[in-house]
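Structural overview for review
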Amino acid sequence: MTQKFDVVVIGAGPGGYVAAIKAAQLGLKTACIEKYQDGEGKLALGGTCLNVGCIPSKALLDSSWKFHEAQDGFAIHGINHAGVTMDVPAMIGRKANIVKNLTGGVAGLFKSNGVTVLQGHGKLLAGKKVEVTGPNGVEIVEADNVILASGSRPIDIPPAPVDQKIIVDSTGALEFQQVPKRLGVIGAGVIGLELGSVWSRLGAEVTVLEALDTFLMAADTAVSKEALKTLTKQGLDIKLGARVTGSEVQGEEVLVKYTDANGEQTITFDKLIVAVGRRPVTTDLLASDSGVDIDERGFIYVDDYCATSVPGVYAIGDVVRGLMLAHKASEEGIMVVERIKGHKAVMNYDLIPSVIYTHPEIAWVGKTEQALKAEGIEVNVGSFPFAASGRAMAANDTGGFVKVIADAKTDRVLGVHVIGPSAAELVQQGAIAMEFGTSAEDLGMMVFSHPTLSEALHEAALAVNGGAIHIANRKKR
Ligand code: FAD
Ligand code: AMP
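Per an unreviewed UniProt entry, the protein chain goes by Dihydrolipoyl dehydrogenase and derives from Pseudomonas rhizosphaerae. What UniProt states about the protein chain under its Subunit (unreviewed entry) heading is, verbatim, "Homodimer."

Spelled out as structure tokens, the structure:
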């Protein structure tokens, strides 16, 4: 007999699994279809984020940072110890355990919330029927509502075909069993910089080849300039305006060809990470008569509420327009399920924080000063350097700054940009303030604990109107 559900979700990444849990919590009979298998051939929930994305990359970033600190950052605290070594397989093993715990945790949440897991490949047919091709054959399920959450996968480029041995994508770069001596990274985006940082901290000579002349285009210019300076000082050789045109694996190394302002260049690496972006996954997801439209870039077409061209069929996360971020996917999932229940949920796409987990961290929410000026909006800007923060000094982590941008007419905060320690957490405070339409003056009047890194946000907000206490104000009151 055909199984019938109120909601069927295809894909158990942070978009799909969160949507499925929320739907079950709201009393909807829910199933989630997932096909991903881990290295042991077992079904693993959690999608890119938990298995090969956000979490494993952060695990390696944290391990490699501790090694780097143990080598170079302890002496200043008076901690002297010699002979720190790195056991790479142990680091990779720790990462694998974290992934296992978290993906198992999603399975536990599905169980406790009563979400039915259907293992296999899901394909949307006409009439909100879904075909599931799993280990035990083909099954058709029916649903009142279908949520497509099939995510994304790394983009391949013909000049550097991935073999997962010498030329790897982001997934392969999480599995190196030893530190490559010479590591190339194609693409100076978030993933390239994070993975490049991991292996650079462990001793690899890292060269990043980026086709664009501008570094971190989406970030505020003040932040991207500081980031380029700091990451370069840390040893990342970031070549801008360097477009990779070809590669040749020769035994255990790879010869990479690229063009820059001086013409054609070649460089040899032991490993090459291709990190040139991600593309939506729609392979065999939609039957030809499903009625769901795909836009010209391959994303499933949706409106502001993630509704597709077929009533009762929604799409969320990386497979639709917008930032490819886990928290964006999850919140879209919540919004869709709330709307299925008839609630008037909306999502504030203007306040999705972006984070790059390098050291220092880079994070922002809202608009950049350049974007606001281009829109003709007059702004006041306040900045505060961590070099003037007592807490940052105590931690010996004084690089970077907080920048708060406010509307010159209303004083409403329009952007918070941070490069420095705990930038991701600080920006979240900015996001909360901005969600409630807070002015820089209001933020400046709040009481912040001392000594905290958050005081840098406080001081930057004060600086917007010339009221910072612990630095000279650029603007006078
Ligand atoms: P996914 O997580 O891709 O999940 C989709 C799931 O659907 C997959 O499990 C897939 O197997 C399954 N699926 C696809 N098609 C079918 C089908 N037909 N049938 C059944 N199952 C199917 N984002 C952040 O916010 N913060 C970070 O720090 C961060 N770091 C990242 C680091 C790396 C190295 C990478 C690669 C990504 C990172 N991201 C980060 C991005 C983040 O992982 C994605 O934005 C997020 O996972 C998207 O969620 P999703 O649910 O849309 O899709
Ligand atoms: P992101 O989309 O943020 O992950 O960043 C990917 C980066 O890869 C972008 O900045 C692209 O400009 C860059 N890129 C894409 N193709 C190439 C190429 N052939 N050579 C060098 N950089 C590239």
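Next, the rest of the story.
Moving on, we come to the site of ligand 2. Close to ligand 2 lie 14 residues; G187, E210, A211, A242 and V244 are nearest. Side-chain polar atom of E210 to an oxygen atom of ligand 2: 2.6 Å apart, as the coordinates give it. In the model, a nitrogen atom of ligand 2 is placed 3.0 Å from a nitrogen or oxygen of the A211 main chain. Surface burial for ligand 2 is 72%, taken as the share of its 510 Å² of free accessible area covered by protein chains. Residue assignment for the shell around ligand 2 shows that the elements contributing at least two residues are β10 (205–210) and β12 (243–250).

As a further point, take the site of ligand 1. Inspection of the region around ligand 1 gives 38 residues, with E34, T48, K58, G122 and A326 positioned closest. At a separation of 2.8 Å, a nitrogen atom of ligand 1 approaches a polar backbone atom of G122. For ligand 1, whose accessible area on its own is 1,000 Å², the fraction buried by protein is 94%. By residue class, the composition of the shell around ligand 1 is 16 nonpolar, 17 polar and 5 charged.

Turning our attention to the pattern of salt bridges. Under the defined criterion, the tally for this structure stands at 18 salt bridges. The partner of K42 in a salt bridge is E40, with the nearest N and O atoms 3.2 Å apart. A relative accessible area of 48% places K42 in the partly exposed class. On the accessibility criterion, E40 (52% relative accessible area) is exposed. Beyond isolated ion pairs, a larger network of salt bridges with shared partners links D220, E369, K373 and K403.

Rules used throughout
- Residues numbered from 1 in each chain as written.
- Chains lettered and ligands numbered in written order.
- Predicted model: local features only at pLDDT ≥ 70, side-chain atom pairs only at ≥ 80, totals over all residues.
- Heavy atoms only, no water.
- UniProt positions renumbered as here; feature names shortened; annotations may be inferred.
- Near = heavy atom within 4 Å.
- Polar contact = N/O pair within 3.5 Å; in protein donor to acceptor, adjacent residues only side chain to side chain.
- Areas by Shrake-Rupley, 256 points an atom, 1.4 Å probe, with all protein chains shown as cover.
- Helix = DSSP H or I, 4+ residues; strand = E, 2+ residues; numbered from the N terminus.
- Nonpolar A, V, L, I, M, F, W, Y, C, P; charged D, E, K, R; others polar.
- Salt bridge = Lys/Arg side-chain N within 4 Å of Asp/Glu carboxyl O.
- Buried < 20%, exposed > 50% of the residue type's maximum accessible area, 1.4 Å probe, protein only.

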